[in-house]
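# Examination of the molecular architecture
Take a look at the letters that make up each chain.
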Amino acid sequence: MPGGGVTSGNRTSVRIAVIGDRGTGKSSLIAASAAESFRPEVPPVLPPTRLPSDYYPDNVPIVIIDTSSSLEYRGKLAEELKRADAVVLTYACDQPLTLNRLSTFWLHELRRLEIRAPVIVAGCKLDRRDEEYNLSVEMMPLMQQFREIETCIECSAANMLQIQEVFYFAQKAVLHPTAPLFDQETQALRPRCMRALKRIFILCDLDMDGALNDDELNEFQVKCFNSPLQPAEVVGVKSVVREKLPEGVNELGLTLTGFLFLHALFIEKGRIETTWTVLRKFGYNDELKLGDDYLSFSKKRAPDQSVELTSEAVEFLKGIFSTFDDDKDGVLRENELEDLFSTAPESPWDEAPYKDAVDKTPLRGLSLSGFLSQWALMTLLDPAQTIANLIYVGLNCDAASGLHITRSRLLDKKKQQTERNVFQCFVFGPKKAGKSALLTSLLGRPFSENYTPTTSERYAVNIVQQHAVSIDCKVSLAISKVNDKSRERDEGNKKTLILQEIPEDGVKKLLSKKESLAACDVAVFVYDSSSESSLNGAVELLSYVARQGEESGFGMPCLLIAAKNDLDTSSTSNRDSAKICVDMGIDAPIPVSVKERDINDVFSRIVNAAQQPHLNVPETDQGRSQKRYKKLVNNALMCLSVGAAATFVGLVAYRTYAARKNTSS
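The chain has the name Mitochondrial Rho GTPase in an unreviewed UniProt entry, where Salvia splendens is given as its organism. Recorded in UniProt for the chain, the comment headed Sequence similarities (unreviewed entry) runs: "Belongs to the mitochondrial Rho GTPase family."

## Side note on the overall build of the chain
Per the secondary structure count, the chain includes 23 helices and 21 strands. Here the chain holds 665 residues, and 47% of them are scored as buried. Summed over all atoms, the accessible surface of the chain reaches about 33900 Å², with 52% contributed by carbon and sulfur.

## Overview of the pairing of strand β4 (residues 86-92)
Regular strands have side chains that alternate between both faces of the sheet. Of all seven residues in β4, seven are buried, a share of seventy percent or more. Every second residue of β4 is oriented toward a common face, with Ala 86, Val 88, Thr 90 and Ala 92 on one face and Val 87, Leu 89 and Tyr 91 on the other, all of them buried. As paired strands, strand β1 (residues 14-20) and β4 are joined by five bridges and run parallel to one another. Bridge pairing links Ile 19 to Leu 89 in β4. With six bridges connecting them, β4 and strand β5 (residues 119-124) associate as parallel partners. In the sheet register, Val 87 faces β5, and the bridge partner there is Val 119. Once you follow β4 into helix α3 (residues 96-112) and on to β5, the crossover reads as right-handed.

## A closer look at the pattern of salt bridges
Taken as a whole and assessed by the stated rule, the structure comprises 30 salt bridges. Two residues, Asp 327 and Arg 333, come together in a salt bridge whose shortest N-O distance is 3.4 Å. On the accessibility criterion, Arg 333 (35% relative accessible area) is partly exposed. The network of salt bridges with shared partners includes Arg 407, Asp 412, Glu 419, Arg 420 and Asp 521.

## So, the nonpolar core
Core analysis: the largest hydrophobic core is formed by 75 residues, its most contacted members being Ile 200, Leu 279, Trp 349, Phe 371 and Trp 375. Considering each element in turn, this core owes the most residues, seven residues, to helix α14 (residues 368-381). In this structure Trp 349 touches Leu 337, Phe 341, Tyr 354, Lys 355, Leu 366, Phe 371, Gln 374, Trp 375 and Met 378, once residues within four positions along its chain are discounted. Among the nonpolar cores identified, the runner-up in size contains 29 residues, and Ala 31, Leu 51, Cys 124 and Ala 170 belong to it.

## Concerning the sheet that holds strand β6 (residues 149-154)
Strands pair in a sheet through their backbones, by hydrogen bonds, and they do so in one of two ways: parallel or antiparallel. If you trace the six strands from one edge of the open sheet to the other, you get β2-β3-β1-β4-β5-β6, paired in mixed fashion. Only two strands of the sheet have a single partner each, and these edge strands are β2 (49-51) and β6. With strand direction ignored, the average angle separating the axes of adjacent strands in the sheet is 25°. Taken together, the five bridges between β5 and β6 define a ladder with parallel strand orientation. Within β6, the residue paired with Val 119 across the bridge is Ile 149.

Parameters and conventions
- Residues numbered from 1 in each chain as written.
- Predicted model: local features only at pLDDT ≥ 70, side-chain atom pairs only at ≥ 80, totals over all residues.
- Heavy atoms only, no water.
- UniProt positions renumbered as here; feature names shortened; annotations may be inferred.
- Helix = DSSP H or I, 4+ residues; strand = E, 2+ residues; numbered from the N terminus.
- Buried < 20%, exposed > 50% of the residue type's maximum accessible area, 1.4 Å probe, protein only.
- Areas by Shrake-Rupley, 256 points an atom, 1.4 Å probe, with all protein chains shown as cover.
- Pairing = 2+ DSSP bridges.
- Right-handed = clockwise from strand over helix to strand, strands pointing away.
- Salt bridge = Lys/Arg side-chain N within 4 Å of Asp/Glu carboxyl O.
- Core = buried A, V, L, I, M, F, W, Y, C linked by side-chain atoms within 4.5 Å.
- Contact = heavy atoms within 4.5 Å.
- Axes fitted to C-alpha atoms, helices over the stretch in contact; angles between N-to-C directions.

In structure tokens form, the structure reads like this:
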């Protein structure tokens, strides 16, 4: 099945450090490999040695670094090891003590230095060994204890025996590493490798019948290795699979099970470069993820622009949801969701911030709205991750075209409207104000009396029914009627709301960056309506955030939320909060009680506020003073401009009059 050349990723060179005890043959090994002949006399430590790109089939040059084992060289040795792509660790075949030192010192030293490079153990001076020696038997315990060892080999510079193979295996361990693909202990493909190969199989199964027929196998062969399979070779491939694994071949062709078995067989036979060639032809990097060339989302955007899924991408995802909803109950159960992402390196939503960000059924299933909400959150936070997973789950066209960059918030503010479908809301508030309960309520989860402080970023996402926004009652009747019709069309429209809880202790860190508020479409400030100190804390945060918005130019609509409305609320707090809202130019506080499930349509009101980016933007006293000052300066400049223009016109008129008078006289 394999043939032609192999690919080696994007590496332009491989750097190999050669280490080991003094007198084990390090320098002779390097010199013999470079000169392709034995040199009886070599310096104690050679300068960096380069093997040209055509030295080995992968066409990647090698730089070999010779090292000293002396104590005064230890610092330099550590530096070279950290720069190395691979390590050749030597011992002398005629000096058993140097072999023992591999396990008692050198391999532990590599771990102490946290060297992650693959290790090739090379026994030098093989020509000097007298007794019989079974390398595989002797080295197996060492390789089992130190999994970083890729290969063990013995060689002789004097006899030019297996000298070139040492650096070939070192280069191969870098360009075609075993560890990401194959578990040596279980002798099986690793899960991420199986997922990648499953996606490749599905892409090559053009008729989608669950098997690769002869034509599909040939197309696969040409794509990966630039040469077709002969009919006898196709028969041979299937015969090998059928003999070892009968279910690997059926009447339609090579099954997925057979395809995976074939690659495991390649690796077991030492032909791991074959599997790597296949993976790289389909865009995978050394981490078995699609490379940057596939995921680039190079469209430049301003800090106050966000990224959303296009309507076409949303429809594609709805189709994917329906395809994997096997029992058609409108919910993706955990096994169905795992099947959906079985061609991705892993499920993208198993970790924070996605893990608990959407509403789930009691059995941890995802509804369609929850499914689309997860995608909306991932697109906002990490567009490249969305592109990757769109490709993994089967979007075959240009995945970047499935994303849309929104208009700048500053421009939305000037136009007094927004076209966004996804809104990010920062949730501020003092401790125990009810921020987490608000996020929980958005997800439809029951209220809990247990208090757990939020110490890290936390998101909640859901689709919210958009209600008609209010309009200024002073507008003309004609415009009002037009807007009434527009509001009727908007009824039933849905928007995605993303709440991001900002812990009180994290506010200063967040606002330490000038553009920190650029991504925020709307902010809410939650306080315990039964606590005067909680209100004061929320107002202090509101003023702080408002001032930051004025200074950065990224001010946003803000709302006060009077939480815990089921508790006793003092009239003083109500008057104070109402006055603060009037003074700062924002709407009155929204009373809610998550415990009593009386949320007062708060999420729709948050969305409506975000849709009117020019309203509810708070003003501080300092900001108001600066605005008045700028207005005075502008008026003064206008007066100066008008005065200068009048003077100029007068001067022109006088000169015209004088010229005419001189002409008439």
